[in-house]
Amino acid sequence: MEIPARAGGKSEKSGGGKLKWWQLSLIGVGCTIGTGYFLGSGIGISKTGPSIVISFILAGITAMIVSEQLGKMFIQDPQKGSFRSYTKKAFGRWAGFSSGWVYWFSEMLISGSQLTALSILTRFWFPNIPIWILASIYATLGIIVVLIGTKGFERTENLFAVMKVAAIFMFIILAILVLFGFFGGNRDDFDIPNTANEFFAEGMIGLWSSLIFGFYAFGGIEIMGILSVRLQQKTEVIKSTTVMLIILTSIYIISIILASGLVAYDEFNAEESPFVISLAEYNLAFFPYVFNAGVIIAGFSTMAASLFAVTSMLVTMSEEGDAPKVFSKKSKLKVPPFALALTISVLVISIIVSRIVPDRVYEYITTAAGLMLIYNWFFILISFPKLIKATKFDHVKRFLAMLLILLAVSGTLVDKANRMGFFVSVIFIVLVIVVILFMRKGKKKNKNELPRGI
């Protein structure tokens, strides 16, 4: 595959990349804004009301701390394996193996959740087509994007990023115009919480359970680490990620404030975008169609980014011995065929799951995917002081981010609908641990069987 670095996990020399810092920021926006924001935020609002804004602020702060510390490790030692390589250097092969496979599974879950979300949204136009058929179509298109290679992927994501940001700005402008009396609206339509009970509609427990949806909306910053090796100036990686996250957090917060202020929080659900719901009562007949198309583009973009990332990570792990060698075996395709085959196989499983349990599958998968992503954020934070001479302020930020991650993880246990996703993530973590134990046992056995004198 055209992975952006040399094989074997070796450091990339400075100046070997082709991206400017702002181009990487744009790709980051394209890879991050997806249905986790356009659709998943509606689930978050339904669980806590207007205070969902706090969830997004806390998630944004955590994402910024994690990306900054990952950026510092990259500047000191550029690695195409990104966070997985740093985890491996900090704690040994078991950690790199765990980090890589946890990330692979999280991104596959994201791909599955995007497939389900895209299918749900497409039924807006084609209500009689089963979800699994629509999911199959989107899966095929996603694989085609992976097959075009790194350069084609970057161009595609740049285009999608512009379209997604345009869709968000369209909502923000229309919502503001509604408040100024256009399209049958007025200022009184916007409900500003006057008391703590109105702001925290479901109390602190509701806010706690909604945290994971704020974090999930920032899922995708990891691919910035994977693509950082293509930067022209490696020292600009922190500037690139910081600008990206400031843009993301700002538009997330503004749009969510507008959406949650225009409609009662209990009207939001997992079947429709909160932004479409919030403008449904106004004279904007065209908006659901145009915005729904924008959301579909956003979801497809994120799914394609996830497929690209997992295939790249699988090839890198294979080259470094943390996955079977067959996954890095090349062919005439730009993508190693066996790595692609595994990705396709898991997508097929996702489609089957959406066929069996279509009602709650999106929420379950979203929760599990969000958890798996931030488990790797935790890996980044604990690896940082092992590889970088951290200042006191670095440690303060690190512990704050770890605390917020633990709050988001534990928050899934207080909500019945989120628990299934938590248990899915735990099952996979246990599976990875079991594999590591077998690997260690096999290594120890082989060592004991060596003839004396070797």
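Residues numbered from 1 in each chain as written. Predicted model: local features only at pLDDT ≥ 70, side-chain atom pairs only at ≥ 80, totals over all residues. Heavy atoms only, no water.

Quick note on the threshold: UniProt positions are given in the numbering used here, feature names are shortened, and annotations may be inferred rather than shown by experiment.
As recorded in an unreviewed UniProt entry, the chain goes by Amino acid/polyamine/organocation transporter (APC superfamily) and comes from Ureibacillus chungkukjangi. In its Subcellular location (unreviewed entry) section, the UniProt entry covering the chain states "Membrane".

### Notes on the overall build of the chain
Inclusion rule: Strands are runs of DSSP state E lasting at least two residues, helices are runs of H or I lasting at least four, and both sets are numbered from the N terminus onward. Relative accessibility under 20% of the residue-type maximum defines a buried residue, over 50% an exposed one, and the middle range a partly exposed one, all with a 1.4 Å probe and only protein chains included. Between two residues, a contact is recorded if the distance between any of their heavy atoms is within 4.5 Å.
Secondary structure summary: the chain contains 18 helices and zero strands in total. Split into buried and exposed, the 454 residues of the chain put 57% on the buried side. Contacts spanning at least 24 positions in sequence make up 83% of the contacts within the chain whose residues lie at least 6 apart.

### Some points on the environment of Gln-233
Within the fold, Gln-233 resides in the loop between α11 (222-227) and α12 (237-262). The exposure class assigned to Gln-233 is partly exposed, which follows from its relative accessible area of 44%. Separated by 158 residues in sequence, Gln-233 and Ile-75 have C-alpha atoms that sit 9.6 Å apart.

### Quick notes on the environment of Ser-55
Here Ser-55 lies in helix α4 (residues 52-76). Judged by its relative accessible area of 0%, Ser-55 is buried. The spatial distance from the C-alpha of Ser-55 to the C-alpha of Ser-210 is 6.7 Å, given a sequence separation of 155 residues. The contacts of Ser-55, once residues within four sequence positions are left out, are Leu-207, Ser-210, Leu-211 and Gly-214.

### Focus on the nonpolar core
Defined as follows: To qualify as a nonpolar core, a set must consist of buried Ala, Val, Leu, Ile, Met, Phe, Trp, Tyr and Cys residues joined through side-chain atoms within 4.5 Å.
One finds Ile-33, Tyr-37, Phe-171 and Leu-279 to be the most contacted residues of the largest nonpolar core, which totals 132 residues. With 17 residues, helix α14 (residues 287-319) is the single largest residue contributor to this core.

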